[in-house]
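Residue strings, one per chain:
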Amino acid sequence: MPGATPNYGLPYQDLGDAPNGPNLGQDLAEAVDVELARMDTIPKVTRITATGDFEKDPNARWMIVEGQASGGAGGGSDAAGAGQCSKGSGGGAGEYTRKILDASTVAASVTVTIGAPGVGAVGANGGDGGDLTFGHTTPIVANGGQGGFKASPGSTPFGATPGSGGSGGTGGDYSASGGAGEPGWSSGSLGISGGGGDAKLGGGAPGRSSAVASASVAGVAAGNYGGG
């Protein structure tokens, strides 16, 4: 009876086996072919964009976990009176994290929590972006970006403090802080709102401006993942 390797069950001839000649090479080649075909069916990338459970492939040997936290929303401008202008600053981008894991240390099912992006509102500071968590034995965490701030209307130049980028996450081999948002500025009747910060996996939204009396300009969304 031929022996077999412990991990993949590839056959080989033991000392006490009858000579198998060319059949031994054929048996080994066919066993390798079957194993390679099985490996081809293993998902190479699983993308998760909402909170839920990650189901590990039981045949996986190593895993690379990448996570991008959500960005903060821009600050919402207040209504401005005659001769005034108003604006908000950009929201900060979310933090990125990366971890290489021995798959044998990862549970068959792992909860992945993806915090929602920040929400903006007229006349209010922008909401913070949500954190991302991969629920490993030692959780892998990336922190969301801070929301931008509004500034009260006025007729003289003044700025609005931007939201800071997400940072300080834990559990990763490598982390990249999110970029801070841009400040908003105004002078006379011109109001310029700050753009959002850039994330590793997504650019921030551009700032908006208006020099027209009684006009308001809506903000826009960031690109891809994690931008402010």
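Please refer to the structure higher up on the page.
Before going into details, it helps to say that this report is about the structure given with it.

1. Topic: the side chain of T97
Stage number 1. In this structure, T97 sits in strand β6 (residues 96-102).
Stage number 2. With relative accessibility at 1%, the residue T97 sits in the buried group.
Stage number 3. Reaching out from T97, the side chain makes a polar contact with the backbone oxygen of Y174 at a distance of 3.4 Å.
Stage number 4. In contact with T97, other than residues within four places in its own chain, are V65, E66, G67, I140, V141, A142, G172, Y174 and S175.

2. Notes on the nonpolar core
Stage number 1. If you look at the biggest cluster of nonpolar residues, it comprises 14 residues, and the most contacted ones within it are M63, V65, L101 and F134.
Stage number 2. At the level of elements, β4 (62-68), β7 (109-114), β8 (132-134) and β9 (140-142) are the ones that each hand at least two residues to this core.
Stage number 3. Contact partners of M63, with chain neighbours within four places excluded, come to F54, K56, K99, I100, L101, A103, V106 and F134.

3. A look at the pairing of strand β13 (residues 184-187)
Stage number 1. Of the two faces of β13, the one holding G184 and S186 is buried and the one holding W185 and S187 is not buried anywhere.
Stage number 2. Here three bridges tie β13 to strand β14 (residues 190-192), and the two strands are oriented antiparallel to one another. Across the sheet, residue S187 finds its bridge partner in β14, namely L190.

4. Details of the environment of D102
Stage number 1. Within the secondary structure layout, D102 lies in strand β6.
Stage number 2. For D102, a relative accessible area of 30% translates into the label partly exposed.
Stage number 3. Taking the C-alpha atoms as reference points, D102 and I64, 38 residues apart in sequence, are found 9.0 Å from one another.
Stage number 4. Ignoring anything within four residues of it in the chain, the contact list for D102 reads R61 and W62.
Stage number 5. Here S104 takes part through its side chain, which lies 2.8 Å from a polar atom of the side chain of D102.

5. Considerations on a nonpolar patch on the surface
Stage number 1. On the surface, L28, V32 and L36 cluster together to form a nonpolar patch covering roughly 220 Å² of accessible area.
Stage number 2. Judged by its relative accessible area of 36%, L28 falls in the partly exposed class.

6. Observations concerning unusual backbone geometry
Of all residues except glycine, most have a negative phi; of all peptide bonds, most are trans.
Stage number 1. Non-glycine residue N224 carries a positive phi angle of around 55°.
Stage number 2. Among the structural elements, N224 can be located in the segment after β15 (209-210).
Stage number 3. A relative accessible area of 69% places N224 in the exposed class.

7. Side note on the sheet that holds β6
Stage number 1. The strand order across the open sheet built from three strands is β4-β6-β12, with neighbouring strands paired in antiparallel fashion. The open sheet has two edge strands, β4 and β12 (174-176), and neither has a second partner. On average, each strand axis in the sheet is inclined to that of its neighbour by 15°, with strand direction left out of account.
Stage number 2. Relative to β12, β6 is paired through three bridges, and the arrangement is antiparallel. Paired with R98 across the bridge in β12 is Y174.

Thresholds applied
- Residues numbered from 1 in each chain as written.
- Predicted model: local features only at pLDDT ≥ 70, side-chain atom pairs only at ≥ 80, totals over all residues.
- Heavy atoms only, no water.
- Helix = DSSP H or I, 4+ residues; strand = E, 2+ residues; numbered from the N terminus.
- Buried < 20%, exposed > 50% of the residue type's maximum accessible area, 1.4 Å probe, protein only.
- Polar contact = N/O pair within 3.5 Å; in protein donor to acceptor, adjacent residues only side chain to side chain.
- Contact = heavy atoms within 4.5 Å.
- Core = buried A, V, L, I, M, F, W, Y, C linked by side-chain atoms within 4.5 Å.
- Pairing = 2+ DSSP bridges.
- Patch = residues over 30% accessible without salt bridge, like charges linked within 9 Å, V, L, I, M, F, W, Y side chains within 5 Å.
- Areas by Shrake-Rupley, 256 points an atom, 1.4 Å probe, with all protein chains shown as cover.
- Salt bridge = Lys/Arg side-chain N within 4 Å of Asp/Glu carboxyl O.
- Axes fitted to C-alpha atoms, helices over the stretch in contact; angles between N-to-C directions.

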